[in-house]
Amino acid sequence: MSSSNPLRDPADRRLPRIAGPSGLVIFGVTGDLSRKKLMPAVYDLANRGLLPPGFSLVGFARREWQNEDFAQEVHDAVKEHARTPFREEVWQQLIQGMRFVQGTFDDDDAFERLRSTIDELDKAQGTGGNFAFYLSVPPRSFPVVIQQLKKHGLADQEGGSWRRAVIEKPFGHDLKSAEELNKVVHEVFEPDQVFRIDHYLGKETVQNILALRFANTMFEPIWNRSFVDHVQITMAEDIGIGGRAGYYDGIGAARDVIQNHLLQLMALTAMEEPASFDADALAAEKTKVLGAVRLPKDLGRSSVRGQYAAGWQGGEKVIGYLQEEGIDPRSKTDTYAAIKVGIDNRRWAGVPFYLRTGKRLGRRVTEIAVVFQRAPHSPFDHTATEELGQNAVVIRVQPDEGITVRFGSKVPGTSMEIRDVSMDFAYGESFTESSPEAYERLILDVLLGDANLFPRTEEVELSWKILDPIEQYWDKHGKPAQYPSGTWGPAEADEMLARDGRSWRRP
Ligand SMILES: NC(=O)c1ccc[n+]([C@@H]2O[C@H](COP(=O)([O-])OP(=O)(O)OC[C@H]3O[C@@H](n4cnc5c(N)ncnc54)[C@H](OP(=O)(O)O)[C@@H]3O)[C@@H](O)[C@H]2O)c1
């Protein structure tokens with residue numbers, strides 16, 4: 001330890017981490033993501049005192065706005081969506097560094113104006129040339145924006161300053177396109193300048209997977225094939241596609257959720273303990289897991305896709321996917337996807353990982369359930385243990401964040417009747433602090449240059465390598481099974497687990 005007082009050690013992670021002089025440029029600032037998540041996150045960080053005094057926010061978009069119009073937009077977005085209360089003094093400070101640059105992505109003059117805006121902010125706000133460029137733009141525009149940054153010298157790190165690129169999902173739509181995009185990105189930026197967003201990794205509960213596994217002694221000894229029967233990872237939504245037909249159709253549930261969020265959750269659940277918590281060590285362990293994933297030979301029996309049909313959701317009648325506005329009535333896009341994979345290593349050999357996601361399912365929930373084997377022998381009368389299930393550790397990612405441990409317990413009374421019970425840890429009950437939004441954490445990490453929570457090139461490409469054969473199989477075979485809205489997906493998904501003698505959890 002460099003200092004006798006640990007609280008004075010700048011590397012002490014218990015202290016608030018405050019970004020140094022810097023600014024953020026948001027491309028696509030008029031979009032849905034920027035309004036609902038990014039602008040509020042910037043304000044929440046400022047409100048928590050985690051941004052530097054001269055922090056600057058530059059919006060880039062096509063609209064004919066002046067700086068004042070942009071500031072008004074940010075103001076409205078913050079009032080509507082920020083997590084923390086509105087404070088005039090925080091706002092007045094933030095507004096000093098707000099600028100708007102009008103233009104399209106192919107407009108060279110606009111990028112020159114962006115350059116002079118950054119120079120002006122360096123002088124007026126003391127941003128020191130340190131800027132992150134957030135590409136909150138349609139994925140087809142990622143390459144042009146990256147190339148424009150290079151062309152106009154905006155990616156150059158001069159005189160000790162830094163430049164970083166933040167890239168939204170989806171990162172490609174298959175392995176080939178992801179490789180092509182990685183090539184474009186790395187022609188301009190070094191690997192440590194690139195931050196690919198998987199906002200799930202910014203969630204407290206997801207980071208808590210690592211705490212649960214590696215800060216404790218009681219879980220890790222049983223976290224392997226000798227004790228675990230299987231793992232189920234679920235991300236269920238109760239909503240349909242809303243107004244996002246243009247984005248969703250042709251992409252579907254597997255590409256939208258399994259390729260990134262669910263495979264990342266699986267990697268964190270299955271990986272070995274990293275040598276440290278720095279970005280390289282974490283990425284190395286996650287990469288090993290993704291590289292060891294094996295798809296079953298018969299994809300027809302180990303993958304299922306579905307499409308929501310009309311049904312009932314929350315007491316309301318809702319239409320099916322094919323009737324949604326903007327959707328081709330012949331669309332074969334999956335709104336539900338479930339796959340079974342194995343991990344070929346000593347810890348997990350023979351343990352299936354079942355991943356599923358879908359829209360218009362029974363309720364909104366994301367969870368990881370590690371389900372344990374049954375006791376090898378039961379001394380209790382079988383009639384007394386009829387209701388006994390399998391032990392499970394369930395990490396509840398959202399909502400109702402926490403961890404549940406399920407086990408059998410004696411029912412009070414004179415007979416030895418045993419029934420499943422749950423032991424719960426709930427964030428809301430154990431901690432007074434509310435959890436920051438994922439985007440707060442991720443934007444702060446970008447400004448600090450902390451890449452722990454951002455998937456690397458190899459992880460993204462390995463994830464597409466896992467998904468591509470499934471998508472190709474689906475392309476050639478039939479079409480998605482229909483499931484009524486408000487249910488837990490197509491019957492085929494239940495049959496897939498039933499063939500293995502298992503069943504999906506009904507969270
Ligand atoms: N929305 C979400 O909840 C969500 C969730 C996860 C990931 N994402 C990802 O985040 C990114 C942004 O999504 P979004 O939903 O915010 O998209 P969006 O609402 O369609 O916004 C796109 C933005 O890009 C701008 N834009 C498009 N083409 C342009 C051009 N040629 N020149 C200049 N500006 C242009 C639009 O400006 P105009 O206003 O001028 O059209 C708009 O500000 C996408 O990569 C998406 O996949 C979004």
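About the cut-offs
Residues numbered from 1 in each chain as written. Predicted model: local features only at pLDDT ≥ 70, side-chain atom pairs only at ≥ 80, totals over all residues. Heavy atoms only, no water. UniProt positions renumbered as here; feature names shortened; annotations may be inferred. Near = heavy atom within 4 Å. Polar contact = N/O pair within 3.5 Å; in protein donor to acceptor, adjacent residues only side chain to side chain. Areas by Shrake-Rupley, 256 points an atom, 1.4 Å probe, with all protein chains shown as cover. Nonpolar A, V, L, I, M, F, W, Y, C, P; charged D, E, K, R; others polar. Domains from an automatic or database assignment. Helix = DSSP H or I, 4+ residues; strand = E, 2+ residues; numbered from the N terminus. Buried < 20%, exposed > 50% of the residue type's maximum accessible area, 1.4 Å probe, protein only. Contact = heavy atoms within 4.5 Å. Arc of directions from axis to C-beta. Pairing = 2+ DSSP bridges. Expected span 1.5 Å × (residues − 1).

Within an unreviewed UniProt entry, the label attached to the protein chain reads Glucose-6-phosphate 1-dehydrogenase, and the organism entered is Streptomyces brasiliensis. The record held by UniProt for the protein chain lists under Function (unreviewed entry) the comment "Catalyzes the oxidation of glucose 6-phosphate to 6-phosphogluconolactone." Reading the Catalytic activity (unreviewed entry) entry of the UniProt record for the protein chain gives the comment "D-glucose 6-phosphate + NADP(+) = 6-phospho-D-glucono-1,5-lactone + NADPH + H(+)".

Novice: Mind laying out the site of the ligand, listing which residues take part and the relevant values?
Specialist: In the region of the ligand, 21 residues are neighbours, and T30, R62, R63, V137 and K169 sit closest. T30 is positioned such that a nitrogen or oxygen atom in its side chain is 2.5 Å from an oxygen atom of the ligand. Look at the ligand: alone it shows 900 Å² of surface, and the protein chains cover 78% of it. Partitioning the shell around the ligand into residue classes produces nine nonpolar, six polar and six charged.

Novice: Can you tell me about the domain arrangement of the protein chain, naming the residues and giving the values?
Specialist: For interface size, the figure often reported is the accessible area lost on association. When the domains of the protein chain are assigned, the result is domain 1 (19-168) and domain 2 (201-435 + 456-498). Put simply, the middle of domain 1 and the middle of domain 2, counted by C-alpha atoms, are 35 Å apart.

Novice: Residue-level account of the UniProt feature "binding site: NADP(+)" (unreviewed entry) in the protein chain, with values.
Specialist: Mapped onto the present numbering, the UniProt feature "binding site: NADP(+)" (unreviewed entry) falls at R62 and K169. Along the chain, the position of R62 falls in the loop between β2 (56-61) and α2 (67-81). A residue is classified by how much of its surface remains accessible, and R62, at 66% relative accessible area, is exposed. The residues touching R62, leaving out its near neighbours within four places in the chain, are Q102, G103 and T104. On the secondary structure map, K169 appears in the loop between β5 (163-167) and α6 (175-188). In contact with K169, not counting residues within four places along its chain, are I197, Y247, D256, N260 and H261. One polar contact links the side chain of K169 to the main-chain carbonyl oxygen of D256, over a distance of 3.0 Å.

Novice: So what's going on with helix α15 (residues 491-498)? Residues and values would help.
Specialist: Every buried residue of α15 is accounted for by A493, M496 and L497. Projected down its long axis, α15 carries its buried residues within an arc of 90°, all on one side. In this fold, the buried residues of α15 make contact with β7 (228-236), α11 (299-302), β9 (303-309), β12 (336-343) and β13 (353-358).

Novice: I'd like to hear about the pairing of strand β14 (residues 365-372), residue by residue, with values.
Specialist: Judged by how many residues are buried, β14 sits mostly within the fold: eight of eight residues are covered. The pairing of β7 with β14 spans eight bridges and is classified as antiparallel. When the bridges of β14 are listed, V231 appears paired with V370. Alignment of β14 against strand β15 (residues 392-398), held across six bridges, turns out to be antiparallel. Bridging from a neighbouring strand, E367 pairs with R396 of β15.

Novice: I'd like a description of the side chain of T234, backed by residues and values.
Specialist: Following the sequence through the fold, T234 ends up in strand β7. Of the residues examined, T234 reaches a relative accessible area of 1% and is grouped as buried.

Novice: Any details on helix α10 (residues 279-291)? Residues and values, ideally.
Specialist: If you check α10, its first and last C-alpha atoms are 18 Å apart, about what 13 residues at 1.5 Å a residue would give, namely 18 Å. Buried within α10 are the following residues: A279, A281, L282, A283, E285, K286, T287, V289 and L290. Where α10 is buried, its residues touch α7 (204-214), α9 (252-270), β8 (293-294), β12 and α14 (457-476). At the N-terminal end of α10, a side-chain oxygen is found 3.2 Å from the backbone nitrogen of D280, two or three residues along, and the residue is D278.

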